[in-house]
Amino acid sequence: MIAEIGLAALWLAAALAVLQMISGAAALRSVDGSTHPLAIYARPAAIVQAVLAVLAFLMLLRAFAITDLSIKLVATNSHSMKPMIYKLTGTWGNHEGSMLLWVGVLALAGGLLAGLEKRLPEKTMGATLAVQGFIALGFYAFLLLSSNPFERLPVPAAEGIGLNPLLQDIGLAIHPPTLYAGYVGLSVAFSLAMGALLTREVNPNFARAMRPWVLGAWVLLTLGITAGSYWAYYELGWGGWWFWDPVENASLMPWLAATALMHSVSVLAARDALRTWTIMLGVLAFSMSMLGTFLVRSGVLTSVHAFAVDPERGAFILALLLIYIGGAFTIFALRASAVSEGKRFAAVSREGALVFNNVMLSAILAIVLLGTLYPLLAEAFDARVSVGPPYFNPASAIFAIPMFLVMAVGPLLRWKEDKPLRVQFEMLLIAAVLIATLAIVALAGDYPLLPVLGLGLAAALGVAAFLPLRGRKLSRVPTAVWGMVLAHFGVAVSLLGMASEGAFTEERLAAVAPGDTVEMGDWLITLESVAPVAGPNWTAIEARVAARLGEGEAVTLTPQARNFWSPAQATSESALLTRWNGQLYAVIGAQTPDGRWQLRVWWKPFVTFIWYGGLLIALGGVLAIIGRVQVDVKRRKAAELGEERRADLAALTPEPAE
Amino acid sequence: MSTAETRSGLRLWLWIPLALFAFFAGLAGYMLTQEKPEFVKSTMVGKPLPEFTLEPAFDGLPGASSGDFEGGKPRLLNIWASWCLPCIAEAPQLEALKDEGVEIIGIAIRDRPEDVARFLERHGNPYTRIGADAISAVQLELGSSGVPETFVIGSDGTIRYQHIGDIRPEHVALLKAELEKAQ
């Protein structure tokens, strides 16, 4: 029954998406003053659709929880012996399940939008919901016609095949759902942008309505990327935290677009400038989400992320991309010329700095997109290439460095127009911190250029992040400003982690017998023993490694080389020792012919700051949302109060004679 | 930065995103219809067999060396392992080739003698010799990236043909033809 309920819910949700589309489109036809009779269905349709899509997902979750082996997806991706938590996370550890999650979040976002957003003109809202329904419909079709998660097996399987062991990890429990919620949350920004474009309502009011959605999606993307990076770092056992892999890039690109959008929408809300640009970014951000989904799911690119790939599904998603992105950019090209540019501003102003950084972010986005797609282009001409850090790092740094510099100064500038001299003290302070840090690092040793620049910028940004608070009464600072300060400080913290990892990491690869000690920097690493251990669905060789810092006490690390048996796969479980100032990372490798073991250890100073920074950035985003919503609620209350007063006054004063 | 007010007519830059997207969509569409080469072809095909000498993989058969491929007739070099499931699937096909008089020399990758013996007992032994390649050294020299793989070695000692993956029934005739060409 579970599968049938789930499937029925999906079909019903698809039908409601059609209703939502028609009803939303009808709202566009409403003549001033009166609403079209069909228009009233759009909001309820979106809300009920959300309930149904979430129900479908819960049904699949249930099927995985009880390992219902009559469902093909469960039989091919789960196993009765798996621990419960991994049974549940296995729901989205496969193509069909993760697409259902995608659609579920999409419907939920649409439902929330329909239920919560009351500020926009009904026409704009109708157009927005129509677009949202149209997107949902395409993905329901994809799910129901080519990736049905509820397909039954003619004969129930005796046992499931299992889940890729790399995915049997708590990182998987939080990483994809968060990322998906972020990806799909951008669909709301997309729909709002299209709705505003279609009804020519691109104005600060629209920007204020769009902003919390952009912020929310951006926070989730930030968290998803941060978690994904940490997961790859400890699970893949390569000691790296970012690999510029197509799948990682697929998550980075929407984030870059969303970051630009978030800033641009703020300019539109505060200053009524950058109208076309904001719409463009709104379309672009969700386009990047869908593009990422396509790249990951179609298998046109090869990646370390092993997803089940299927060209037919790829063709289906490509068709969806053509309809949505192609359609959106066509409407943009036709309609945007009718949207006025908005208010002017000087080059040296808050807007000016934001525009500069928007352009830099877009340039980085273009660089990442080019690097990700280049192998595809090269392969079309029969050349096989793989684009890696030697391209991505310097190419993105060219734009990231000026961006960080402007980011340090931008928040200090006034809107509309400002004089650099007004903030000369702050600028001198930032420059002094930058130069001093660069000088200290350069004197301390011979390190690669980019990490050194990164350290300098991190220090300068760390100081600059708090400068907007200077001279203000802290208790009076709006919550949203605290959000910005925290997020910008988070960028500095994260950058410090990246640069420090790049500059100061120490690595040692040694073949050791039990009892041997190797030295790495100040650390003494002793391999104490190697012994087999067994887990619920794996066996492993586990090394006991004692790590001692100078004369300090020894800490035991237990890296493992694991072998899973369903499906058969070997993974390397790294062992981490976290100190406030860095992490010790140990991996046990293969046994050499003479009976020694390959032991690989890294000391990565401040590497954890990368992810702490990510968390700070996300927290800043949360504060910004809270701040904006607070202000909105206050404003709405004040407006209501004003209206009441006017009504009272009107009631008290006699009708004026015509 | 700020040019003013409503203008009618089309502005060219507004079409740029669409143009870029159209280019991407065309490329992606083209690539989706292309066959994806899943395996890495060895660049060693057409070159002489590299020199190697391998210890016996178990007590029953002698080890293998490049010298064993010299003289007279083309042979098959089969890279396999007792822990490899597709190798079980291809065992009947190797048996069929052996019955037709083909000499098959095996290289067991990262294997243990007792496992090799048990595998041959269970699934038949088509080999005349099996060398043990504990660290995939010879496998890598041959340009092979996985198990099982089968090479046709010509009578002149050059690598003539590489078959990647398990040998299915329909491949037997193909390998026979390659062996004949390699005379």
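Residues numbered from 1 in each chain as written. Chains lettered and ligands numbered in written order. Predicted model: local features only at pLDDT ≥ 70, side-chain atom pairs only at ≥ 80, totals over all residues.

A. Spotlight on the overall build of chain A. Secondary structure summary: chain A contains 17 helices and ten strands in total. Here the C-alpha atoms of chain A give a radius of gyration of 27 Å, agreeing with the 26 Å that 2.2 N^0.38 yields for 658 residues. C-alpha atoms of chain A, sized along the principal axes, occupy 105 × 75 × 55 Å. Put simply, of all contacts in chain A between residues at least 6 apart along the chain, 75% involve residues at least 24 apart. (Helix = DSSP H or I, 4+ residues; strand = E, 2+ residues; numbered from the N terminus. Rg over C-alpha atoms; globule rule 2.2 N^0.38 Å. Contact = placed C-beta atoms within 7 Å.)

B. Geometry of the overall build of chain B. For chain B, the helix and strand inventory stands at five helices and five strands. N-terminal to C-terminal, the α/β element order of chain B is α-β-α-β-α-β-α-β-β-α. Relative to the globule expectation of 16 Å for 183 residues, the C-alpha radius of gyration of chain B, 25 Å, shows a markedly less compact shape. With the principal axes as the frame, chain B shows a C-alpha extent of 90 × 35 × 30 Å. Taken across its 183 residues, chain B has 32% of its residues classed as buried. A sequence separation of at least 24 residues applies to 75% of the contacts in chain B between residues at least 6 apart. (Buried ≥ 20, exposed ≤ 12 C-beta atoms within 10 Å, placed from the backbone.)

C. Region of the structure containing the interface of chain B and chain A. Facing the 24 residues of chain B at the interface are 31 residues of chain A. Of the residues assigned to the side of chain B that touches chain A, the class counts are 16 nonpolar, five polar and three charged. (Nonpolar A, V, L, I, M, F, W, Y, C, P; charged D, E, K, R; others polar.)

D. Looking closely at the sheet that holds strand 9 (residues 582-591) of chain A. All names here are of chain A. The four strands are arranged 1-10-9-8 in an open sheet whose pairing can be described as antiparallel. Across the chains shown, the open sheet's two edge strands, defined by having one partner strand only, are strand 1 (506-512) and strand 8 (575-579). Between one strand axis and the next, the sheet turns by 15° as a mean value, whatever way the strands run. Of the strand pairs in this sheet, strand 1 and strand 10 (residues 597-605) are connected by seven bridges, and their pairing is antiparallel. Bridge pairing in strand 10 places Ala 510 opposite Leu 599. (Pairing = 2+ DSSP bridges. Axes fitted to C-alpha atoms, helices over the stretch in contact; angles between N-to-C directions.)

E. Layout of the domain arrangement of chain A. When the domains of chain A are assigned, the result is domain 1 (1-163) and domain 2 (506-605). Spacing between the C-alpha centres of domain 1 of chain A and domain 2 of chain A amounts to 44 Å. (Domains from an automatic or database assignment.)

F. Structural view of unusual backbone geometry. All names here are of chain A. At Trp 244, a residue that is not glycine, the phi angle is positive and equals roughly 55°. Here Trp 244 lies in the loop between helix 8 (204-235) and helix 9 (246-271). Backbone geometry places Asp 272, a non-glycine residue, at a positive phi of 55°. Along the chain, the position of Asp 272 falls in the loop between helix 9 and helix 10 (275-298). A residue is classified by how many C-beta atoms lie within 10 Å of it, and Asp 272, with 17 of them, is partly exposed.

G. Here's a closer look at the sheet that holds strand 4 (residues 149-153) of chain B. All names here are of chain B. Pairing in this open sheet of five strands is mixed, and the strands run 3-2-1-4-5 from one edge to the other. Across the chains shown, the open sheet's two edge strands, defined by having one partner strand only, are strand 3 (127-133) and strand 5 (159-164). Neighbour-to-neighbour, the strand axes of this sheet turn through a mean angle of 20°, independent of strand direction. Bridging between strand 1 (residues 75-80) and strand 4 involves five bridges; their strand directions are antiparallel.

H. Seen up close, the environment of Asp 632 of chain A. Looking at the element boundaries, Asp 632 of chain A is found in helix 17 (residues 609-652). Spatially, the C-alpha atom of Asp 632 of chain A lies 9.5 Å from that of Ala 209 of chain A, the residues being 423 residues apart in sequence.

I. The arrangement of the packing of helix 16 (residues 479-504) of chain A against helix 17 of chain A in detail. All names here are of chain A. Between helix 16 and helix 17, the shortest axis-to-axis distance is 7 Å and the interhelical angle comes to 170°. Between helix 16 and helix 17, the angle is such that the two are roughly antiparallel. Tallied by class, residues from the contact of helix 16 with helix 17 come to 19 nonpolar, eleven polar and two charged. (Parallel < 35°, antiparallel > 145°, perpendicular 65-115°, else oblique.)

J. Spatial organisation of helix 14 (residues 424-444) of chain A. All names here are of chain A. For helix 14, spanning 21 residues, the distance from its first C-alpha to its last is 30 Å, which sits close to the expected 30 Å at 1.5 Å a residue. Where helix 14 is concerned, the buried positions are Ile 430, Val 433, Leu 434, Thr 437 and Val 441. Taken end-on, helix 14 shows its buried residues confined to a sector of 95°, consistent with a single buried face. Exposed positions of helix 14 whose direction lies more than 90 degrees from the buried face are Gln 424, Phe 425, Leu 428, Ala 432, Ile 435, Ala 439 and Leu 443. (Expected span 1.5 Å × (residues − 1). Arc of directions from axis to C-beta.)

K. Summary view of the pairing of strand 2 (residues 104-109) of chain B. All names here are of chain B. In terms of burial, strand 2 is a largely internal element, five of the six residues being buried. Assessed by its sense of winding, the connection that carries the chain from strand 1 through helix 2 (residues 85-99) to strand 2 is right-handed. Across six bridges, the pairing between strand 2 and strand 3 is parallel. Across the sheet, the residue bridging to Ile 105 is Arg 129, located in strand 3. In this view, the connection linking strand 2 to its parallel neighbour strand 3 by way of helix 3 (residues 113-123) has right-handed handedness. (Right-handed = clockwise from strand over helix to strand, strands pointing away.)

L. Spotlight on the confidence of the model for chain B. Residues and elements named next belong to chain B. In this model, chain B carries a mean pLDDT of 83, and residues with pLDDT of at least 70 account for 90%. The low-confidence segment residues 1-9, where pLDDT is below 50, has 15 contacts with residues more than four positions distant or belonging to other chains. This prediction of the complex comes with two scores: 0.81 for pTM and 0.78 for ipTM. (pLDDT = per-residue confidence, 0-100.)

M. Seen up close, the environment of Gly 46 of chain B. All names here are of chain B. Relative to the assigned elements, Gly 46 resides in the loop between helix 1 (16-33) and strand 1. For Gly 46, a count of 11 C-beta atoms within 10 Å corresponds to the exposed category. Once the C-alpha coordinates of Gly 46 and Ile 159 are considered, the two residues, 113 residues apart in sequence, prove to be 5.3 Å apart. Excluding its chain neighbours within four sequence positions, the residues that come into contact with Gly 46 are Thr 158 and Ile 159.

N. Layout of the packing of helix 1 (residues 2-28) of chain A against helix 2 (residues 42-65) of chain A. All names here are of chain A. Close contact between helix 1 and helix 2 brings their axes to 8 Å; oriented N to C, the two are set at 160°. Classed by the angle they form, the pair helix 1 and helix 2 counts as roughly antiparallel. Judged by the sense of rotation from one axis to the other, the crossing of helix 1 with helix 2 is left-handed. Residues that form the contact of helix 1 with helix 2 fall into these classes: 22 nonpolar, five polar and one charged. (Left-handed = near helix turned anticlockwise from the far one by under 90°.)

O. Looking closely at the environment of Ser 66 of chain B. Residues and elements named next belong to chain B. Relative to the elements of secondary structure, Ser 66 occurs in the loop between helix 1 and strand 1. In sequence terms Ser 66 and Pro 50 are 16 residues apart; their C-alpha atoms lie 7.0 Å from each other. Ignoring any residue separated from it by four or fewer positions in sequence, one finds Ser 66 in contact with Leu 49, Pro 50, Glu 51 and Phe 52.

P. Spatial organisation of the nonpolar core. Ranked by size, the top nonpolar core spans 194 residues in total, and within it Ala 13, Ala 189, Val 214, Ala 257, Ala 258 and Leu 461 of chain A carry the most contacts. Considering every element that reaches this core, the biggest residue donor is helix 8 of chain A, with 18 residues. Beyond its immediate stretch of four places on either side in the chain, Val 214 of chain A contacts Ala 189, Ala 258, Leu 261, Met 262 and Val 265 of chain A. Formed by 36 residues, the second largest nonpolar core is a distinct cluster that contains Phe 119, Leu 120, Ile 130 and Ile 167 of chain B. (Core = buried A, V, L, I, M, F, W, Y, C linked by C-beta atoms within 7 Å.)

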